Amino acid sequence: AQSVAQPEDQVNVAEGNPLTVKCTYSVSGNPYLFWYVQYPNRGLQFLLKYITGDNLVKGSYGFEAEFNKSQTSFHLKKPSALVSDSALYFCAVILGRGKLIFGQGTELSVKP
Amino acid sequence: DVKVTQSSRYLVKRTGEKVFLECVQDMDHENMFWYRQDPGLGLRLIYFSYDVKMKEKGDIPEGYSVSREKKERFSLILESASTNQTSMYLCASSPPRQGSYGYTFGSGTRLTVV
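Residues numbered from 1 in each chain as written. Chains lettered and ligands numbered in written order. Predicted model: local features only at pLDDT ≥ 70, side-chain atom pairs only at ≥ 80, totals over all residues. Heavy atoms only, no water.

### Observations concerning the overall build of chain B
Here is step 1 of the chain: The number of helices and strands found in chain B is 0 helices and 12 strands.
Here is step 2 of the chain: Along chain B, helices and strands appear, N-terminal first, in the series β-β-β-β-β-β-β-β-β-β-β-β.
Here is step 3 of the chain: In terms of overall size, chain B behaves like a compact globule, its C-alpha atoms giving a radius of gyration of 13 Å where 114 residues would be expected to give roughly 13 Å.
Here is step 4 of the chain: Oriented by its inertia axes, the alpha-carbon framework of chain B measures out at about 40 × 30 × 25 Å.
Here is step 5 of the chain: Among the 114 residues that make up chain B, the fraction classed as buried is 50%. (Helix = DSSP H or I, 4+ residues; strand = E, 2+ residues; numbered from the N terminus. Rg over C-alpha atoms; globule rule 2.2 N^0.38 Å. Buried < 20%, exposed > 50% of the residue type's maximum accessible area, 1.4 Å probe, protein only.)

Given below as C-alpha cells:
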C-alpha cells in the first residue's frame, strides 16, 4: 500500500541547535511530497513541497527538506531551532488525482 | 485573503444524533476533502470530491456521508453519531492540477459525541 511514515512521535531540541524531523514514503512513480505544520488549535499550514528538480527544497520560516530517492526519505531540517518552532509537523504525499495522504505526525518541542 | 471556513469550532452532540459539519471555500477550487485527526494516527481521509455532486470514499468512510451541491460547499454528515467519532475534523480544498501546493485547510471542528 502507498503510504508515508514519520518514525518519531516526538523530537526534542534545544533552542539554537539544528533540528531534523524524519519522513519516509512508499509510493509508486515519482512522489510529490509536502511538509505541513500545525500550531495548537489551528489548521494545517503549508511549509514546503518537492515536485521535481533540486533535492534540497527551501520553505517557510527557515525550514528546508532533503529529498533522497534511494532512501525514499524527505526529512525536514532547520539549522537553528526557535522556541516558536514548537508544533506538530506532518509529512504528506499526493496520490492519484490530487489525494493527499499524511504521516502520523511528529511533535517538535524546542526548549530554551 | 483566501480561506476555507468551517462553520463550527467546537461541537458537542449526543449519541445517535445526525450531525452536519459544513465547509465553505472561496477560492473556486474543484477539489475538496474531509479528514479526521486523532493523536498518533495523523490525518485520515474520510471523503473527497472533485466536482459538484461527485464524491469518492477515502480511507475511513464508514459511518460518514458527504454532500456537494455547490462548488464552494462540502458537507460531512454523521448519520448516527457515535462516541468513536469524537475527533478533530479538518476540511481542505485544492485546485485540480496534481502537484499544486494549493491545499488550504480550515481551522478544524472539534466534535465531541457524548
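### Overview of the interface of chain B and chain A
One frequent convention defines the size of an interface as the accessible area lost when the parts assemble.
Here is step 1 of the chain: Between chain B and chain A, the contact holds 24 residues from the first and 24 residues from the second.
Here is step 2 of the chain: Carbon and sulfur atoms supply 55% of the area that chain B and chain A bury against each other, a total of about 2,000 Å² over both sides.
Here is step 3 of the chain: The interface formed by chain B and chain A holds 0 salt bridges in total.
Here is step 4 of the chain: Between chain B and chain A we count 3 residue pairs in polar contact (both at pLDDT 80 or more) in total.
Here is step 5 of the chain: Of all the secondary-structure elements, those providing two or more residues to the side of chain B that touches chain A are β5 (31-38) and β6 (42-49) of chain B. (Contact = heavy atoms within 4.5 Å. Buried area = accessible area lost by both parts, 1.4 Å probe. Salt bridge = Lys/Arg side-chain N within 4 Å of Asp/Glu carboxyl O. Polar contact = N/O pair within 3.5 Å; in protein donor to acceptor, adjacent residues only side chain to side chain.)

### Re the packing of aromatic side chains
Here is step 1 of the chain: Inspection of every chain in the model, using the stated rule, returns 19 aromatic pairs over all chains.
Here is step 2 of the chain: Aromatic pair Tyr35 of chain B and Phe105 of chain B: ring centres 6.1 Å apart, planes at 40°, arrangement tilted. Separated by 70 residues along the polypeptide, Tyr35 of chain B in strand β5 and Phe105 of chain B in strand β11 (residues 104-105) bring together distant segments of the chain.
Here is step 3 of the chain: Given a relative accessible area of 1%, Tyr35 of chain B falls into the buried group.
Here is step 4 of the chain: These aromatic residues form a ring-pair network of at least three members: Phe34, Tyr36, Phe46, Phe90 and Phe102 of chain A together with Phe33, Tyr35, Phe48, Tyr50, Tyr103 and Phe105 of chain B.
Here is step 5 of the chain: For the cation-ring pair, Arg9 of chain B lies above Tyr10 of chain B, with the distance from its terminal atom to the ring centre recorded as 5.6 Å. (Phe/Tyr/Trp six-rings, centres within 6.5 Å; stacked < 30°, edge-to-face > 60°. Lys NZ or Arg CZ within 6 Å of the ring centre and 35° of its normal.)

### Overview of the pairing of strand β12 (residues 109-113) of chain B
All names here are of chain B.
Here is step 1 of the chain: The side-chain alternation of β12 yields one buried face, formed by Thr109, Leu111 and Val113, and one unburied face, formed by Arg110 and Thr112.
Here is step 2 of the chain: Across 4 bridges, the pairing between strand β2 (residues 10-13) and β12 is parallel. Bridge pairing in β12 places Lys13 opposite Val113.
Here is step 3 of the chain: Taken together, the 3 bridges between strand β10 (residues 87-94) and β12 define a ladder with antiparallel strand orientation. In the sheet register, Ser87 faces β12, and the bridge partner there is Leu111. (Pairing = 2+ DSSP bridges.)

### Quick word on the pairing of β5 of chain B
Residues and elements named next belong to chain B.
Here is step 1 of the chain: In terms of burial, β5 is a largely internal element, 8 of the 8 residues being buried.
Here is step 2 of the chain: Burial of β5 is two-sided: the residues Asn31, Phe33, Tyr35 and Gln37 facing one way and the residues Met32, Trp34, Arg36 and Asp38 facing the other way are all buried.
Here is step 3 of the chain: Pairing geometry for β5 and β6, over 7 bridges, is antiparallel. The partner of Phe33 across the bridge, within β6, is Phe48.
Here is step 4 of the chain: Here β5 folds back onto β6 in antiparallel fashion, the turn holding 3 residues, of which Gly40 has a positive phi close to 80°.

Nothing here speaks to function; it is geometry throughout.
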